[in-house]
Amino acid sequence: MQETTKRKIWKWLGYTLFFMAAFVYFMYRTFPYKQLFDRFSMNFQRQAKVRVKMSNLHPYWLSGVEANNVIIRKPMKKGIAAVQIKYVRAHASLFGLLFRRISADFYAEVAKGTIEGSVNQSGGKVNVKLDIKRLSLNALREKRRRVRRRVTTKKGKAKAAKPKNDSLLATLFAPVYGRLKAKVRLKVPMPGAKAAAPKKTTKKNNNRRRRRRRTRRRRAPARGVDMTKATGTIKVDIRSLSLGPGEFPTAQMGDLPVPLLRLGKLVLRIKIAKGTLRVTRCESNGADGALKLTGSIRLRRNMRYAVFRGKLEFKINKSFIDGLDPTSVLKTGLGLLGPAPNGGFYRYRLRIPLGGGRATFRRF
């Protein structure tokens, strides 16, 4: 082959590779990720009655995506529960996908804090790591442009109205303030993993004529995650925790007023092992009272049948009770408790079904 022919071949081969690389790059950068997300997530949003919006959706490296200003809204009785995520990124490992193994990490900026973690498959279990740092509970909201309203007082003077607390926790429960820090380390079985087969027991029967042939029934494939095989730890710390003022919705008595309750620092430690979730430590001590909680949950495949059993100890300072309205329902209820023994702590045994059954509180 002549030298000029070789040069032409390498020349056109270089042009071809360049145009193919340019086509793949611009296809990768201009692919309509956001439109595809809206198209394929619409059915899920309708079933869950959730609305998800975002300003943009970009690719991240080769096997990841990143989004800005993700807003999640859900209608509730007290209004629309909404949360805005400033930035979120998810990335899957290509090396793990080649061997059909789950390996991904994620990072998000929300409520003046960060949430980062990873999910890695190891054998028949998935290792879950989650770290939450400096997350402000009251900042879990959708940022909206506030319009200043003015109201007239009894004397006829105009003053600025107090802005309505539209945070996520205020819509679901009552206004909650505090700075959250958490660390989660879990090992969870893969969804659909088979449970351990029960041991076979043989019964001797001397009368062979009455023996019948038994047929094995095929078991339905397992679905969901078998939480009885999960292990790990959960650590939660909330600084400057306070609740209220606001309203707490109830099914029978309507919305009950909740005064400002300062609980100080809350420490929560949970250990999961041998099919049991155990609250080893849960306590807080603030300006208005103290709280202590211990207990355990026997994990089940269907967590609707699980029950929490434990002990609750709480103390309410006299200054908090004296500051309540004498006609309020809360002060009346606290008065019915009577004097607190055991150093001012009220003690109760709890039994709370997770499936929504009737909870019982017994004083001891």
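In what follows, the structure referred to is the one given above.
Residues numbered from 1 in each chain as written. Predicted model: local features only at pLDDT ≥ 70, side-chain atom pairs only at ≥ 80, totals over all residues. Heavy atoms only, no water.

## Let's talk about the pattern of salt bridges
Point 1. One pass over the structure, following the stated rule, counts 9 salt bridges.
Point 2. With a closest N to O distance of 2.2 Å, Arg141 and Asp166 form a salt bridge. Of the two residues, Arg141 sits in the loop between strand S7 (125-136) and strand S8 (150-152) while Asp166 sits in the loop between strand S9 (158-160) and helix H4 (168-172), which places them 25 residues apart along the sequence.
Point 3. Judged by its relative accessible area of 14%, Arg141 falls in the buried class.
Point 4. Taking relative accessible area as the criterion, Asp166 reaches 25% and is therefore assigned partly exposed.
Point 5. Across the pair Glu283 and Arg281 runs a salt bridge, and its minimum N-O distance is 3.0 Å. (Salt bridge = Lys/Arg side-chain N within 4 Å of Asp/Glu carboxyl O. Helix = DSSP H or I, 4+ residues; strand = E, 2+ residues; numbered from the N terminus. Buried < 20%, exposed > 50% of the residue type's maximum accessible area, 1.4 Å probe, protein only.)

## Considerations on a nonpolar patch on the surface
Point 1. Taken together, the side chains of Phe23, Val24, Met27, Phe31, Leu36 and Phe40 make up a nonpolar region of the molecular surface, amounting to roughly 630 Å² of accessible area.
Point 2. For the nonpolar patch, the elements supplying multiple residues, two or more each, are helix H1 (3-29) and helix H2 (33-48).
Point 3. A per-element tally of the nonpolar patch places H1 first, with 3 residues.
Point 4. Locating Leu36 in the fold gives a position in helix H2. (Patch = residues over 30% accessible without salt bridge, like charges linked within 9 Å, V, L, I, M, F, W, Y side chains within 5 Å. Areas by Shrake-Rupley, 256 points an atom, 1.4 Å probe, with all protein chains shown as cover.)

## Looking at the layout of surface pockets
Point 1. Each pocket or cavity is described by its volume, and for the largest pocket that value is around 1300 Å³.
Point 2. In terms of lining, the largest pocket is formed by 33 residues, of which the most central are Phe173, Leu243, Val258, Leu261 and Leu330.
Point 3. Counting only elements with at least two residues in the lining of the largest pocket, the list comes to strand S11 (231-243), strand S12 (246-250), strand S13 (254-258), strand S14 (261-273), strand S16 (289-298), strand S17 (307-316), helix H6 (329-337) and strand S18 (346-353).
Point 4. In terms of residue class, the lining of the largest pocket is built from 28 nonpolar, 3 polar and 2 charged. (1 Å grid on protein atoms, 1.4 Å probe; cavity = no way out; pocket = protein on both sides within 12 Å on 5 of 7 lines; lining within 4 Å. Points joined across faces, edges and corners; volume = space filled by probe spheres on them. Nonpolar A, V, L, I, M, F, W, Y, C, P; charged D, E, K, R; others polar.)

## With respect to H2
Point 1. Between its first and last C-alpha, H2 extends 22 Å over 16 residues, near the 22 Å set by a 1.5 Å rise per residue.
Point 2. Along H2, the largest kink reaches about 45° and is centred on Ser41.
Point 3. Just beyond H2, the residue with positive phi is Lys49, at close to 55°. (Expected span 1.5 Å × (residues − 1). Bend = angle between axes of the 7 residues up to and from the residue.)

## A closer look at a positive patch on the surface
Point 1. Taken together, the side chains of Lys86, Lys112, Lys133, Arg134, Lys143, Arg179, Lys181, Lys183, Lys235, Arg239 and Lys265 define a basic patch exposed on the protein surface.
Point 2. Going through the elements one at a time, S7, strand S10 (176-189) and S11 are the ones with two or more residues in the positive patch.
Point 3. Considering every element that reaches the positive patch, the biggest residue donor is S10, with 3 residues.
Point 4. Along the polypeptide, Arg179 turns up in strand S10.
Point 5. For Arg179, a relative accessible area of 38% translates into the label partly exposed. (Lys, Arg positive; Asp, Glu negative; His and termini not counted. Charge placed at Lys NZ, Arg CZ, Asp CG, Glu CD.)

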